[in-house]
Amino acid sequence: MGLRWRIALTITAVSCAVAAVLGVLVHNVVTRQVVGEVRKEVRDELDYALSAYEYGTTMPDRAGIDPAGLPQRLRDLAAEGRRGTIVGERDGEPVMWSAAPADGKALAVWQPFGATRERLDTIDTAILGSALLAAGTVTLAGLFLAARISRRLSATAAVARRITDGDLDARVGMSAGHGKGRDEVRDVAAALDSMAESLQRRLESEKRFTADVAHELRTPLTGMVAAAGLLPEGRPKEMINDRLQALRGLTEDLLEISRLDAGAEKAELSEHPLGALVEWAVRGTGLDAEIEVVRDVTVRTDRRRLDRILSNLIVNSHKHGRPPVTLTVDGRVIEVTDQGDGYPPELVEQGPQRFRTGDPGRGRGHGLGLTIVMGQAGVLGIEVEFGAAEGGGARTVLRLPEH
């Protein structure tokens, strides 16, 4: 049950309870007042009948000594020398009785009570109708207010999900201090917008830093490579060239990530057999990998970018896992597995993050290579899933879209 209906049901229950209590109170007050008026009239009539009996004059028509139908309770009161009034019946009709002692007998008068009872029933009906109307009005108003709150919270949650999915430009737009008044929902929305703006600024700063570092490294790196070429042949030159190549690869990776972050990468799509693309990617790495084509299909994709994704995954499996490395093609799904220790749990849960490596004791890192995989997959619309292979090892599943 959503928050909207919970609020509505709570308001309905409270309004019904309040209406019931007020209805009972009003019923008791009105009944006491109406019955009190009739009781006063019958008592006045009893006083007049007692005076007439005492002076021997004619008593009222609805008066008599020990009349038929007089309730036994009033007879007992008169016998004790006391007066009393009670609602009863006479000849099948409701009446109000009043009795007092007279020469050891009960002198009683009565008045019709049917009209009074009908009046009370009418008043009770009006009270019940008013209570239901009030409860219904309050319920509708509560439902309306709950719907407004629910819509605002749903909009805030939708924006939060968009931010989680990477849309850092999403905003709720309910800034605190704007609109009519302030409330908790508006404060939450303002806090979410502020958090998104802060996160966006930090990520943009990180992207600019990555791009600047990569560009700044290219110039001195080019000079270092040229200078290294002037060194005499030997082991020192080989070691320097090896490290320079590693630094060049890191720089190129940083530049590629900066372009992906900036959204400057555009896919150039063309149709290719998926099995052939996988075989071409494996040959390009120069590493051993088993290829199993369960079902081959023709896909519309960017051959260079898909090759980049597969090459990074194959190199990652050889570097951090153990052979055999297997690539399985089944329709539009490519599965890459190895027999190493598998991905760290935080990578499976949160995805690859740049400049972060896994537990060194496990021998698996996840830095720029897998970050590039995710970036290029985003350009091609490929879904990437990291997990564990059967029997251990890392398992990466690529699901190509149907263009």
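Residues numbered from 1 in each chain as written. Predicted model: local features only at pLDDT ≥ 70, side-chain atom pairs only at ≥ 80, totals over all residues. Heavy atoms only, no water.

J.: Would you explain the pattern of salt bridges in this entry?
T.: Close approach of charged atoms allows side chains with opposite charge to pair. Tallied over the entire structure, the rule returns 13 salt bridges. The closest approach of N and O atoms between glutamate 238 and arginine 235, which form a salt bridge, is 3.5 Å. Taken together, the positions of glutamate 238 and arginine 235, both in helix H5 (residues 235-262) and three residues apart, correspond to about one turn of that helix. Residue class for glutamate 238 comes out partly exposed when judged on its relative accessible area of 48%. Salt-bridge contacts for arginine 399 lead to glutamate 385; the nearest nitrogen and oxygen are separated by 3.0 Å. Of this pair, arginine 399 sits in strand E13 (residues 394-399) while glutamate 385 sits in strand E12 (residues 383-388); the two residues are 14 residues apart in sequence, bridging distant segments of the chain. (Salt bridge = Lys/Arg side-chain N within 4 Å of Asp/Glu carboxyl O. Helix = DSSP H or I, 4+ residues; strand = E, 2+ residues; numbered from the N terminus. Buried < 20%, exposed > 50% of the residue type's maximum accessible area, 1.4 Å probe, protein only.)

J.: What is the right way to look at helix H3 (residues 114-164) in this model?
T.: Structurally, the α-helix is built with 3.6 residues per turn, so residues lying three or four positions apart point the same way. When the terminal C-alpha atoms of H3 are compared, their 73 Å separation across 51 residues agrees well with the 75 Å that a helix rising 1.5 Å per residue should span. Positive phi appears at glycine 166, one or two residues downstream of H3, with a value of about 110°. (Expected span 1.5 Å × (residues − 1).)

J.: Before we go on, may I ask you to explain unusual backbone geometry in this structure?
T.: Excluding glycine, residues mostly have negative phi values, and the peptide bonds linking residues are mostly trans. Omega for the bond connecting proline 323 with proline 324 falls within 30 degrees of zero, at 5°, which places this linkage in the cis form. In this structure, aspartate 91 is a non-glycine residue whose phi angle is positive, near 55°. Within the secondary structure layout, aspartate 91 lies in the loop between strand E2 (84-90) and strand E3 (93-102). According to the relative accessible area criterion, aspartate 91 is exposed, its value standing at 74%. Residue aspartate 103 is not a glycine yet carries a positive backbone phi of 55°. Tracing the backbone shows aspartate 103 in the loop between E3 and strand E4 (105-112).

J.: What am I meant to see in the packing of helix H6 (residues 274-285) against helix H7 (residues 303-320) here?
T.: For any two helices packed against each other, the geometry comes down to the angle between their axes and how far apart the axes lie. Relative to each other, H6 and H7 sit at 55°, their axes nearing to 9 Å. Judged by the inter-axis angle, H6 sits oblique to H7. At the point where H6 passes H7, the crossing takes the right-handed sense. For the pair H6 and H7, the contacting residues are Leu274, Leu277, Val278, Trp280, Ala281, Val282 and Thr285 in the first and Arg303, Leu306, Asp307, Leu310, Ser311 and Ile314 in the second. Partitioned by chemical class, the residues of the contact of H6 with H7 number nine nonpolar, two polar and two charged. (Axes fitted to C-alpha atoms, helices over the stretch in contact; angles between N-to-C directions. Parallel < 35°, antiparallel > 145°, perpendicular 65-115°, else oblique. Left-handed = near helix turned anticlockwise from the far one by under 90°. Contact = heavy atoms within 4.5 Å. Nonpolar A, V, L, I, M, F, W, Y, C, P; charged D, E, K, R; others polar.)

J.: How do you make sense of the sheet that holds E2 when you look at a structure like this?
T.: Paired through their backbone hydrogen bonds, the strands of a sheet run either parallel or antiparallel. Here four strands make up an open sheet; going across it, the order is E1-E4-E3-E2 and the pairing antiparallel. Of all strands in the sheet, those bounded by a partner on one side alone are strand E1 (63-65) and E2. Each strand axis lies, on average, 30° off the axis of its neighbour in the sheet, ignoring direction. Two elements, E3 and E4, share eight bridges in a ladder whose sense is antiparallel. Note that in E4 the partner of alanine 99 across the bridge is alanine 108. (Pairing = 2+ DSSP bridges.)

J.: Would you mind showing me how to read the environment of valine 397 here?
T.: Assignment of secondary structure puts valine 397 in strand E13. Residues valine 397 and glycine 387, ten residues apart in the sequence, show an inter-C-alpha distance of 8.2 Å. Valine 397 has contacts with Val333, Ile334, Glu335, Glu383, Val384 and Glu385, leaving out every residue within four places of it along the chain.

J.: Explain the nonpolar core here, please?
T.: Side chains that are nonpolar tend, in soluble globular proteins, to be buried together. Ile382 and Leu398 are the most contacted members of the largest nonpolar core, which totals 29 residues. Of all the secondary-structure elements, those providing two or more residues to this core are H6, H7, strand E8 (326-330), strand E9 (333-337), helix H9 (368-380), E12 and E13. Setting aside chain neighbours within four positions, we find leucine 398 in contact with Ile309, Leu310, Leu313, Arg332, Val333, Ile334, Ile382, Glu383 and Val384. Judged by nonpolar contacts, the second largest core, of 15 residues, contains Val34, Met96, Ala100 and Ala102. (Core = buried A, V, L, I, M, F, W, Y, C linked by side-chain atoms within 4.5 Å.)

J.: Can you help me understand H9 in this one?
T.: Taking 1.5 Å per residue, 13 residues should reach 18 Å; H9 reaches 18 Å between its end C-alpha atoms and fits that length. When we look at burial in H9, the residues that qualify are Leu368, Leu370, Thr371, Ile372, Val373, Gln376, Ala377 and Leu380. Of the residues one or two after H9, glycine 381 is the one with positive phi, at around 75°.

J.: Looking at this model, I keep getting lost on the side chain of histidine 272. Mind explaining?
T.: Relative to the helices and strands, histidine 272 is located in strand E5 (residues 270-273). Residues contacting histidine 272, with those up to four places away along its chain left out, are Leu277, Val297, Thr298, Val299, Thr301 and Arg303.

J.: So what exactly am I meant to see when it comes to the packing of H7 against H9 here?
T.: Where H7 meets H9, the axes come as close as 9 Å, and the angle between the chain directions of the two elements is 155°. When the axis of H7 is compared with that of H9, the two are roughly antiparallel. Seen from above, H7 lies across H9 with left-handed handedness. Facing Arg305, Leu306, Arg308, Ile309, Asn312, Leu313 and Asn316 of H7, the residues of H9 in contact are Gly369, Leu370, Ile372, Val373, Gln376, Ala377, Val379 and Leu380. Across the contact of H7 with H9, the residue classes break down as nine nonpolar, four polar and two charged.

J.: Any chance you could explain the environment of leucine 107 here in plain terms?
T.: Along the chain, leucine 107 falls in strand E4. Leucine 107 gets classed as buried once you look at its relative accessible area, which sits at 0%. Separated by 269 residues in sequence, leucine 107 and glutamine 376 place their C-alpha atoms 108 Å apart.

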